[in-house]
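Structural description and commentary
Given next are the chains, with one letter for each unit.
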Amino acid sequence: GSANMLGLPLPGSASFGVTPAVLSVPGALLTLGFLKERVQQGVQCHRGNHTGSPAAGACLGGASLERWEDLLFSFWGPNFWWSEYTLYTIVLHHFELFHRLHVEETASDHELSCNSVWFSGGAGWNARAAFGDGTCPFSVVQSSADVAVTELARQIWGELSPGA
């Protein structure tokens, strides 16, 4: 879907885990700019054609929606199921920037996410442990962990407040 939307081939070895994923601001802006340009030019896409043949015809061109974002979202569906992660990954690989903006966790001397909570029923998230680990830049609390946002905010405020 994302490759169809972008009119780009899927990178052969590209993979990008969804969570935790920190998107590069310049990479995200490049992706948005590429999408905007493609939509505004009336991108030739391939609805119903998984081969990527340009002969499949235009499906985004000629629409009368005023905002390019509205046009983009109006074509979300079969053959165009896309996610921000796959759009981002494909565009960065197209411009050969993905590996300049990202590092695999296995390539790092330290873990990139620590003290994370992925599922409910565990010990819960520990802000003191997360903030106390000076070698780990991220701590993830997945929505499936069923942790109340107010509880997270309370713990984070307790660590950020003067005299904590």
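Residues numbered from 1 in each chain as written. Predicted model: local features only at pLDDT ≥ 70, side-chain atom pairs only at ≥ 80, totals over all residues. Heavy atoms only, no water.

**Some words on the overall build of the protein chain**
Rules: Helix and strand definitions here come from DSSP, where helices need a minimum of 4 consecutive H or I residues and strands a minimum of 2 consecutive E residues; each element is numbered from the N-terminal end. Partly exposed describes any residue whose relative accessible area lies between the buried limit of under 20% and the exposed limit of over 50%, with all areas from a 1.4 Å probe on protein chains only and scaled to the type maximum. Between two residues, a contact is recorded if the distance between any of their heavy atoms is within 4.5 Å.
When helices and strands are counted, the protein chain shows seven helices and zero strands. Along the chain direction, N to C, the helices and strands of the protein chain fall in the order α-α-α-α-α-α-α. Taken over 164 residues, the protein chain has a buried fraction of 30%. Counting contacts in the protein chain only where the partners sit at least 6 residues apart, residues at least 24 apart contribute 67% of the total.

**Re the environment of leucine 8**
Among the structural elements, leucine 8 can be located in the loop between α1 (2-6) and α2 (25-40). Sequence-wise, leucine 8 and histidine 94 are 86 residues apart; in three dimensions their C-alpha atoms are separated by 7.6 Å. Those residues within four positions of leucine 8 in sequence are excluded, and the remaining contacts are Ala3, Phe34, Ile90 and His94.

**Things to note about the confidence of the model for the protein chain**
Threshold: pLDDT is a residue-level measure of predictor confidence that goes from 0 to 100.
With 73% of its residues at a pLDDT of 70 or more, the protein chain shows a mean pLDDT of 75. Across the protein chain, element-level confidence peaks in helix α4 (residues 84-94) with a mean pLDDT of 90 and bottoms out in helix α3 (residues 68-74) with 74. Across residues 43-64, where pLDDT falls below 50, the model places 39 contacts with residues more than four positions away in sequence or in other chains.

**With respect to the packing of aromatic side chains**
As a reminder, the rule being used: Each Phe, Tyr or Trp ring (for Trp, its six-membered ring) is paired with any other whose centre lies within 6.5 Å, and the angle between the two planes then decides the class: stacked below 30 degrees, edge-to-face above 60, tilted in between.
Taken as a whole and judged by the stated rule, the model has one aromatic pair. Aromatic side chains phenylalanine 34 and phenylalanine 95 sit 6.0 Å apart centroid to centroid with 80° between the ring planes, which places their arrangement in the edge-to-face category. Taken together, the residues phenylalanine 34 in helix α2 and phenylalanine 95 in the loop between α4 and α5 (98-101) connect sequence positions 61 residues apart. Of the residues examined, phenylalanine 34 reaches a relative accessible area of 15% and is grouped as buried.

**Regarding α2**
The condition is simple: Between the first and last residue of a helix there are one fewer steps than residues, each counted as 1.5 Å, and that sum is the expected span. Polar contact is the term for a pair of N or O atoms within 3.5 Å; when the atoms are in protein, one must be able to donate a hydrogen and the other to accept it, and sequence-neighboring residues count only if both atoms are side-chain atoms.
Between its first and last C-alpha atoms α2 spans 22 Å; for 16 residues at 1.5 Å apiece the expected length is 22 Å, and the two agree. As for α2, its buried residues are in contact with α1, α3, α4 and α5. Capping of α2 at its N-terminal end is provided by serine 24; its side-chain oxygen lies 3.1 Å from the backbone amide nitrogen of glycine 27.

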